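Spelled out, the chains give:
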Amino acid sequence: MTLAAFKRRVAFWAERLKPLGLAHWEIDIEVVDEPSPSTLYGAKAAVTCSSNYDLVWMEVAEGWLHDSDLEEIDKVIMHELIHVAMRDLDDSIHRVTQYLGEPAVSVWKEELRHETEGFVDRIARTLYLTSRSNVVQS
Ligand SMILES: [Zn+2]
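Residues numbered from 1 in each chain as written. Predicted model: local features only at pLDDT ≥ 70, side-chain atom pairs only at ≥ 80, totals over all residues.

Student: An account of the overall build of the protein is needed here, citing residue identities and associated values.
Tutor: Secondary structure assignment for the protein yields 5 helices and 3 strands. Mapped in sequence order, the helices and strands of the protein form the string α-β-β-β-α-α-α-α. Its C-alpha atoms give the protein a radius of gyration of 15 Å, near enough to 14 Å, the size a compact globule of 138 residues would have. If you line up the protein on its principal axes, its C-alpha atoms span 50 × 30 × 25 Å. Partitioning the contacts of the protein with sequence separation of at least 6, the portion at a separation of at least 24 is 67%. (Helix = DSSP H or I, 4+ residues; strand = E, 2+ residues; numbered from the N terminus. Rg over C-alpha atoms; globule rule 2.2 N^0.38 Å. Contact = placed C-beta atoms within 7 Å.)

Written out as structure tokens, the structure is:
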């Protein structure tokens, strides 16, 4: 898929998921070798949200974008958009780390990352499956 086509898919899903508060977000998308905000090896895409504005930078792995089918791409887009929708919740949860010492911070962050990724992925798959019949193929 080309970057232009990917941007159209992101816009489509942001509109579709607007009840999550996504419709007004500005989404800046860049193709990279490896998405940098992620600590996960082989990440397909990653988002970094502005703390003060509804602005997000999305990085997408070039090789994955080139080799993946539309269903895989749509699922990853939905996953990343749900992370965006959780920005304020994530910020609030992470503020507690200033009151924790090591090793509690490391344990807390790793546990939270693991649980967040699993939950976001389950929501993304559920939303994809429940809206698949209405998805416009492009
Ligand atoms: Zn994720």
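Student: Account for the packing of helix α3 (residues 70-85) against helix α5 (residues 104-131), with residues named and values stated.
Tutor: Across the interface, α3 lies against α5 with an axial gap of 9 Å and an inter-helix angle of 125 degrees. Judged on the interaxial angle alone, α5 and α3 are oblique. Like other packed secondary-structure pairs, α3 and α5 cross with a definite hand, here right-handed. Contact residues: D74, K75, M78, H79, I82 and H83 in α3; V120, D121, I123, A124, R125, L127 and Y128 in α5. Counted by class, the contact of α3 with α5 contains 7 nonpolar, 2 polar and 4 charged residues. (Axes fitted to C-alpha atoms, helices over the stretch in contact; angles between N-to-C directions. Parallel < 35°, antiparallel > 145°, perpendicular 65-115°, else oblique. Left-handed = near helix turned anticlockwise from the far one by under 90°. Nonpolar A, V, L, I, M, F, W, Y, C, P; charged D, E, K, R; others polar.)

Student: Account for the sheet that holds strand β3 (residues 55-61), naming residues and giving values.
Tutor: Spatial ordering of the open sheet is given by β1-β3-β2, a layout of 3 strands whose pairing is mixed. For this open sheet the edge positions go to β1 (26-32) and β2 (45-49), each flanked by a neighbour on one side alone. Between one strand axis and the next, the sheet turns through 20 degrees on average, direction left out of account. Bridge analysis of β2 against β3 gives 5 bridges, and the strand direction is antiparallel. The residue of β3 that forms the bridge with A46 is E59. In the packing of α3 onto the sheet, the strands contacted are β2 and β3, and the crossing angle to β2 comes to about 20 degrees. (Pairing = 2+ DSSP bridges.)

Student: Provide a residue-level description of unusual backbone geometry, including the pertinent values.
Tutor: Residue P103 follows E102 across a cis peptide bond; omega there is 0 degrees. Mapped onto the elements of the fold, P103 is located in the loop between α4 (87-94) and α5.

Student: Lay out the packing of helix α1 (residues 3-16) against α3 in plain terms, naming residues and giving numbers.
Tutor: For any two helices packed against each other, one specifies the inter-axial angle together with the distance between the axes. Closest axis-to-axis distance for the α1/α3 pair is 10 Å, and the angle between their directions is 55 degrees. The orientation of α1 with respect to α3, classified from their angle, is oblique. Where α1 crosses over α3, the two elements pack in a sense that is right-handed. Between α1 and α3, the contacting residues are F6, R9, V10, W13 and A14 on the first element and I73, D74, I77, M78 and L81 on the second. In the contact of α1 with α3, the residues fall into 8 nonpolar, no polar and 2 charged.

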